[in-house]
Structure formats: structure tokens, C-alpha cells
Amino acid sequence: MALIELYSDKILDIAANALQPGRLPAPDASSRKVSRICGSVIEVDIVVSDGVITSYGHEVSACALGQTSAAIVAREIVGTRADDFLALAKQMREMLKAEGAPPDGRWSDLVYLEPVREFPARHASTLLVFDAVVDAIEKTSIEQIITSKI
């Protein structure tokens, strides 16, 4: 597959019609991730209640692949259990790096990113939103532990 073929009509459509939720005014945790390979940047905010992500915001400056993965996450993340998102992030990494199966169910649009596995230089931007949300979830857990000890 040629690199130009990676940018399918579906990838470009999802990226072009992406929800731009903006940043949250009072998140439980935030994370900023930058791809050293391409310079893509994402900043995410989350609110977690009883282990469920109840609010999500982001600002993204990325290529079409990073925009597509961020758009799908923005559309589907609210109502997701934090531990389920951690499993999803692992599944995405395995899909790209170890020929694992793509996510299904409400996350099934991530299958459009499966061809990225053939382009390791594009993995970082595609996974950027997952890395940022995982980092934010981990910060939320740490904050909850610290708060409960006070």
C-alpha cells in the first residue's frame, strides 16, 4: 500500500467532520502529548466519576490520522469506564504494532485506522489521543488516592 492510499475517503471524512469539544473548565485531570516524529499535539481533559469518564475535552493539532483517532475518541468516550478505555488503548496499540484485532462495538470506526500498521512512522500520531487519555486517567487515579488520604 502506498502512503497516499492510507488516507482513505473515510479517514478524511471523519477528520473533516470531527467534533471539536474544546477544553473543560474544571477537569479532574489533563494531559498534553506531542509526537516527536511529526509534531502532532493533543491536550485532553477528563472528568471521572465512580470509574466512568463523564466529561471529555480536547484541543488537537495533528495530521488526518491523529485527527481521526481523536474524533472517534471524542465522539465515544463519555460514558466509558476508565478501565475499559485502558483496555481499548492497549487494543489499539496491539492492532498497530502486533497485528491485533481492531476494536468493535461503538469503537468500530477505529477499524479505518488498521492500515496504519504498515506505516510505523504514523503510529505515534494515531495513538497520541490514547496516550494522552491514559495519562490523564492515571493522573486521576493518583489524585483520588492522594485526596482519600487527606
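Residues numbered from 1 in each chain as written. Predicted model: local features only at pLDDT ≥ 70, side-chain atom pairs only at ≥ 80, totals over all residues. Heavy atoms only, no water.

## Here we look at the nonpolar core
Our working rule: Put simply, buried Ala, Val, Leu, Ile, Met, Phe, Trp, Tyr and Cys residues joined by side-chain atoms within 4.5 Å make one nonpolar core. Between buried and exposed lies partly exposed: a residue is buried under 20% and exposed over 50% of the maximum accessible area for its type, with that area taken using a 1.4 Å probe on protein chains only. The criterion used for residue contact is that any of the two residues' heavy atoms lie within 4.5 Å.
Ranked by size, the top nonpolar core spans 41 residues in total, and within it Tyr56, Val73, Phe85, Val129, Phe130 and Val133 carry the most contacts. Contacts of Phe130, omitting those with residues within four sequence positions, involve Ser69, Val73, Phe85, Leu88, Ala89, Met92 and Leu110.

## Focus: helix H3 (residues 64-76)
Test applied: Elements are defined by DSSP. Helices are runs of H or I of four residues or more, strands are runs of E of two residues or more, and each kind is numbered from the N terminus. Under the convention used throughout, the expected extent of a helix is 1.5 Å for every residue step, that is, one less than its residue count.
Between the first and last C-alpha of H3 there are 18 Å, a value that for 13 residues agrees with the 18 Å anticipated at 1.5 Å per step. With 11 of its 13 residues buried, H3 lies for the most part within the structure. Looking only at H3, the buried set comprises Ala64, Leu65, Gly66, Thr68, Ser69, Ala70, Ala71, Ile72, Val73, Ala74 and Glu76.

## A look at the packing of helix H2 (residues 9-16) against H3
Let me state the cut-off plainly: Here, axes are lines fitted to C-alpha atoms. For helices the fit covers the stretch in contact, and angles between N-to-C directions go from 0 to 180 degrees. If you view the pair so one helix is near and one far, a crossing is left-handed when the near helix is turned anticlockwise from the far one by less than a right angle, and right-handed when it is turned clockwise. Basically, the charged four are Asp, Glu, Lys and Arg, the nonpolar ten are Ala, Val, Leu, Ile, Met, Phe, Trp, Tyr, Cys and Pro, and anything else, Gly included, counts as polar.
For the pair H2 and H3, interaxial distance at closest approach is 8 Å and the crossing angle is 65°. Here the hand of the crossing between H2 and H3 comes out left-handed. From H2, Ile11, Leu12, Ile14 and Ala15 reach across to H3, where they touch Ala64, Leu65, Gln67, Thr68, Ala71 and Ile72. Among the residues making up the contact of H2 with H3, the classes are represented as eight nonpolar, two polar and no charged.

## Focus: the sheet that holds strand S2 (residues 41-49)
For clarity, the threshold we go by: At least two DSSP bridges between two strands are required for those strands to pair.
The strand order S1-S2-S3 describes an open sheet built from three strands, whose pairing is antiparallel. Since the sheet does not close on itself, it has two edges, and those belong to strand S1 (29-34) and strand S3 (52-61), each with one partner. Along the sheet, successive strands turn relative to each other by an average axial angle of 15°, direction set aside. Alignment of S1 against S2, held across six bridges, turns out to be antiparallel. Looking at S2, one finds that Ser31 is bridged to Val44. Packed onto the sheet, H3 meets S2 and S3 and runs at close to 155° relative to S3.

## A word on the environment of Ala70
Mapped onto the fold, Ala70 is located in helix H3. Exposure remark for Ala70: the relative accessible area of 1% places this residue in the buried category. Along the sequence, Ala70 and Ile14 sit 56 residues apart, while their C-alpha atoms lie 9.7 Å from each other.

## Quick notes on the packing of aromatic side chains
Heads up, the rule is: The pairing test for Phe, Tyr and Trp rings, Trp by its six-membered ring, is centres within 6.5 Å, and the orientation test on the planes gives stacked under 30 degrees, edge-to-face over 60, and tilted for anything in between.
Applying the stated criterion across every chain, the model contains two aromatic pairs. Here the aromatic rings of Phe85 and Trp107 are separated by 6.1 Å at their centres, their planes lie at 70°, and the arrangement is edge-to-face. Residue Phe85 is located in helix H4 (residues 82-97), and its partner Trp107 is located in the loop between H4 and helix H5 (123-149); the two are separated by 22 residues in the primary sequence. On the basis of relative accessible area, Phe85 is assigned to the buried category, the value being 0%. Exposure remark for Trp107: the relative accessible area of 9% places this residue in the buried category. With 5.8 Å between their ring centres and 20° between their planes, Phe85 and Phe130 make a pair best called stacked.

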